[in-house]
Amino acid sequence: MTTKELQFAYKVKLALDANLDNLSDDTLQHLSAARRVAMARKKKAVVVRVQQPVLAGALGGSMSSDAPSWLSRLGVAVPLLAGIILFAGIYQHENAKRVTELAEIDAAVLSDELPLSAYLDHGFNAFLAEKGE
């Protein structure tokens, strides 16, 4: 709210307080309903304002005067570091799996009765393709 709006609200409050005894029951009910609507809107606005600084603090801004900024940065750094370690572990696992598969293929080729030159022959590849069908 701007200062003009705050001054206007303060003047309205003073006028209502001064004439509170002169207001009819109907007017009091209307004012009470308007107050409930305004309070409901204010609660929604407070919830939105509370959520914004938390997000700003997680991104490196100041969360609040109570929480130190290193704690908010740590809240971002720890998941980031965990993600990097996870991806490195997955890469190592897949690389080891690929090496194991290649070693198994090499062992199968070396333990076969065919000479290694047979695998280099293009005609042999055509023979295997026909035989596989």
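All chains use their own residue numbering, which begins from 1 and follows the written sequence. Selection of residues for local features in this predicted model requires a pLDDT of at least 70, selection of side-chain atom pairs for listing and counting requires 80 or more, and totals for whole chains, interfaces and linings are taken over all residues. Working from all heavy atoms in the structure, the side-chain values ignore hydrogens and water.

**Details of the overall build of the chain**
Alright, step 1. Helical segments are the DSSP runs of H or I of at least four residues, strand segments are the runs of E of at least two, and each set is numbered from the N terminus. Helices and strands together make up the secondary structure of the chain, namely five helices and zero strands.
Alright, step 2. Three exposure classes are used, based on accessible area relative to the maximum for each residue type with a 1.4 Å probe and protein chains only: buried under 20%, partly exposed in between, and exposed over 50%. For the chain, buried positions account for 3% of its 133 residues.
Alright, step 3. In short, Shrake-Rupley with a 1.4 Å probe defines the accessible areas, and a residue's cover is counted only from the protein chains shown. A total accessible area of about 11,800 Å² is found for the chain, and carbon and sulfur atoms account for 65% of it.

**Some thoughts on the confidence of the model for the chain**
Caution applies to low-pLDDT regions: their predicted coordinates should not be interpreted in detail.
Alright, step 1. On average, residues of the chain carry a pLDDT of 77, and 80% of them reach 70 or more.
Alright, step 2. Ranking the elements of the chain by mean pLDDT puts helix H2 (residues 25-58) last, at 70, and helix H3 (residues 69-111) first, at 89. pLDDT measures how confident the predictor is about each residue, on a scale from 0 to 100.

**Points about a nonpolar patch on the surface**
Alright, step 1. Exposure above 30% relative accessible area and the lack of any salt bridge qualify a residue for a patch; like charges then connect within 9 Å, and the nonpolar side chains Val, Leu, Ile, Met, Phe, Trp and Tyr within 5 Å. We define a salt bridge as a side-chain nitrogen of Lys or Arg found within 4 Å of a carboxyl oxygen belonging to Asp or Glu. Together, Phe 8, Val 12, Leu 16, Leu 20, Leu 28 and Leu 31 make up an exposed nonpolar region whose accessible area comes to about 490 Å².
Alright, step 2. Elements represented by at least two residues in the nonpolar patch include exactly helix H1 (3-18) and H2.
Alright, step 3. Assignment of secondary structure puts Leu 16 in helix H1.

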